[in-house]
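These are the residues of each chain, in order.
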Amino acid sequence: GEAVEAAGGLHRFMNRTQPLITDSGGFQVFSLANHSVTDELNSKLNSKKRYPKGTMRVSEAGVVFRSYRDGKLVDLSPEKSVLNQKQLGADIIIPLDELPPFHTPARDLVRSVALTHRWEARSLRTHLADLRQQAMLGVIHGGISRELRTWSAEYISGLPFDGFAIGGSLGRDTAELLGILGTVMPILRADGGRLPPGTRKPVHLLGVGDEGSIRAAAKTGVDTFDSCFPTRLGRHGAALITGGSRINITNSRFKTEYRAVLDEECDCRVCSQGFSRAYLHHLFKAKEPLGPQLLAIHNLRYMERLMKGIRSEILNDML
């Protein structure tokens, strides 16, 4: 944080002029307790060093976890999370929240949502004490429980957040996600009734990046999304293709596709510069870092084109 602040904040550090959103660290902390995340980190190591799993303690004060980089204990409170994000200089910041897994018992989920609400209220107080031209989104939790989602949406929309984020466990599939949005979005739209005509607070959907879910959520009024989905796919050799399909470039059938690019309709640097499927296949088979980088570039451009298309459909009353 100090190095980024000394550079003039994230925008100057990254040479980015467009808006930036930072997370509280909660998702990352609770993900490290998930074995699938640490297994992926460990699979990239050639040494005997291994990242710890599940070393985490949650209390009213915040969360204590062990760093995956050096094993040191880190104490993260709601207030520290906000101050860290202000130090980074992001445009939009997210308060610290707890992320219980999908199959959390109902009684524990109620306690978790209540704890997150208290953490978010503390985060908001810290934010309002030093705005710095930054916005904070209040995060709505409750798993797939209609009652808890209603409670959380009503509570969070009653606080002076600049917008809302829908987080936590979002269900097993698009149908359950739409069930959550069907409960939450009418409450958040009602919040717009307290604002000047024609305005409402933005709604962000956390951690959703597949095309089907994005299209379905956009129809309910969700404004923005974030996800590691396109880059994670790229790391594992999967490329998104116009029309909603995908291919895995590690498949042997691409070994001799010398002239075909990933997607003839794509204008990303990978496709427009003529990198062949055969070459990309070779990069992955040779375990060259360039392979995942090129597929990440392609997939990110795919998502940009997808979102541009959705915006156009909205402006033309087609969505």
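See above for the structure.
Here the structure is a predicted model, which is why all the values come from computation and not from measurement.

The rules behind each value
Residues numbered from 1 in each chain as written. Predicted model: local features only at pLDDT ≥ 70, side-chain atom pairs only at ≥ 80, totals over all residues. Heavy atoms only, no water. Core = buried A, V, L, I, M, F, W, Y, C linked by side-chain atoms within 4.5 Å. Buried < 20%, exposed > 50% of the residue type's maximum accessible area, 1.4 Å probe, protein only. Helix = DSSP H or I, 4+ residues; strand = E, 2+ residues; numbered from the N terminus. Contact = heavy atoms within 4.5 Å. Axes fitted to C-alpha atoms, helices over the stretch in contact; angles between N-to-C directions. Parallel < 35°, antiparallel > 145°, perpendicular 65-115°, else oblique. Left-handed = near helix turned anticlockwise from the far one by under 90°. Nonpolar A, V, L, I, M, F, W, Y, C, P; charged D, E, K, R; others polar. Patch = residues over 30% accessible without salt bridge, like charges linked within 9 Å, V, L, I, M, F, W, Y side chains within 5 Å. Areas by Shrake-Rupley, 256 points an atom, 1.4 Å probe, with all protein chains shown as cover. Salt bridge = Lys/Arg side-chain N within 4 Å of Asp/Glu carboxyl O. Phe/Tyr/Trp six-rings, centres within 6.5 Å; stacked < 30°, edge-to-face > 60°. Pairing = 2+ DSSP bridges.

Participant: Can you explain the nonpolar core? Please cite residues and give values.
Facilitator: Ranked by internal contacts, the top residues of the largest apolar core, which has 39 residues, are I166, L181, L188 and L205. Tallying contributions element by element places helix α8 (residues 174–191) first for this core, with seven residues. Look past the residues within four positions of I166 in its chain and what remains in contact with it is I140, R149, I180, L181, V184, M185, V203, H204, L205 and L206. Among the nonpolar cores identified, the runner-up in size contains 16 residues, and I241, I247, L262 and L283 belong to it.

Participant: Hey, could you go over unusual backbone geometry for me, with residue numbers and the actual values?
Facilitator: A positive phi angle, near 60 degrees, is found at N15, a position not held by glycine. In this structure, N15 sits in the loop between α2 (10–14) and β1 (21–22). In the Ramachandran plot, R132 falls in the positive-phi region, its phi being about 55 degrees despite a non-glycine side chain. Position of R132 among the secondary structure elements: in the loop between α6 (106–128) and β6 (135–140).

Participant: Describe the packing of helix α9 (residues 211–220) against helix α13 (residues 290–315), with residues and values.
Facilitator: Where α9 meets α13, the axes come as close as 11 Å, and the angle between the chain directions of the two elements is 25 degrees. Classified by the angle between their axes, α9 and α13 sit roughly parallel to one another. Judged by the twist between their axes, the crossing of α9 over α13 is right-handed. Listed contacts from α13 to E211, I214, R215 and A218 of α9 are Y302, M303, L306, M307, I310 and E313. In the contact of α9 with α13, the residues fall into seven nonpolar, no polar and three charged.

Participant: For a nonpolar patch on the surface, give the residues involved together with the corresponding values.
Facilitator: A surface patch of nonpolar side chains, amounting to about 250 Å² of accessible area, comprises V110, W151 and Y155. Mapped onto the fold, W151 is located in helix α7 (residues 146–157). The exposure class assigned to W151 is partly exposed, which follows from its relative accessible area of 35%.

Participant: Tell me what's going on with the packing of α6 against α7, and back it up with residues and numbers.
Facilitator: The contact between α6 and α7 brings their axes to 11 Å, and the two run at 10 degrees. Judged on the interaxial angle alone, α7 and α6 are roughly parallel. In contact with L109, V110, V113, A114, H117, E120 and A121 of α6, α7 contributes L148, W151, S152, Y155 and I156. Within the contact of α6 with α7, the residues separate by chemical class into nine nonpolar, two polar and one charged.

Participant: Could you give me a rundown of the packing of aromatic side chains, with the residues and numbers involved?
Facilitator: For the structure shown, the criterion picks out one aromatic pair. Where F275 meets Y279, the ring centres are 5.9 Å apart and the plane angle is 20 degrees; that geometry is what we call stacked. Relative accessible area serves as the criterion here: at 24%, F275 is assigned to the partly exposed category.

Participant: Please give an account of the pairing of strand β10 (residues 238–241) that cites residues and values.
Facilitator: Burial of the side chains of β10 extends over both faces: A238 and L240 are buried on one face and A239 and I241 on the other. Bridge analysis of β10 against strand β11 (residues 245–248) gives four bridges, and the strand direction is antiparallel. Of the residues in β11, the one forming a bridge with I241 is S245. A loop of three residues connects β10 with β11, the two strands running antiparallel in sequence, and G243 in this loop sits at a positive phi of about 110 degrees.

Participant: Outline the sheet that holds strand β2 (residues 56–59), supporting the account with residue identities and numerical values.
Facilitator: Strand order in the open sheet formed by three strands is β2-β3-β4, and the pairing between neighbours is antiparallel. Each edge of the open sheet is held by one strand with a lone partner, namely β2 and β4 (73–76). On average, each strand axis in the sheet is inclined to that of its neighbour by 10 degrees, with strand direction left out of account. Pairing of β2 with strand β3 (residues 62–66), which is carried by four bridges, proceeds in the antiparallel orientation. Of the residues in β3, the one forming a bridge with R57 is V64. Against the sheet, helix α5 (residues 78–88) makes contact with β3 and β4, and its axis sits at roughly 90 degrees relative to β4, the strand it touches most.

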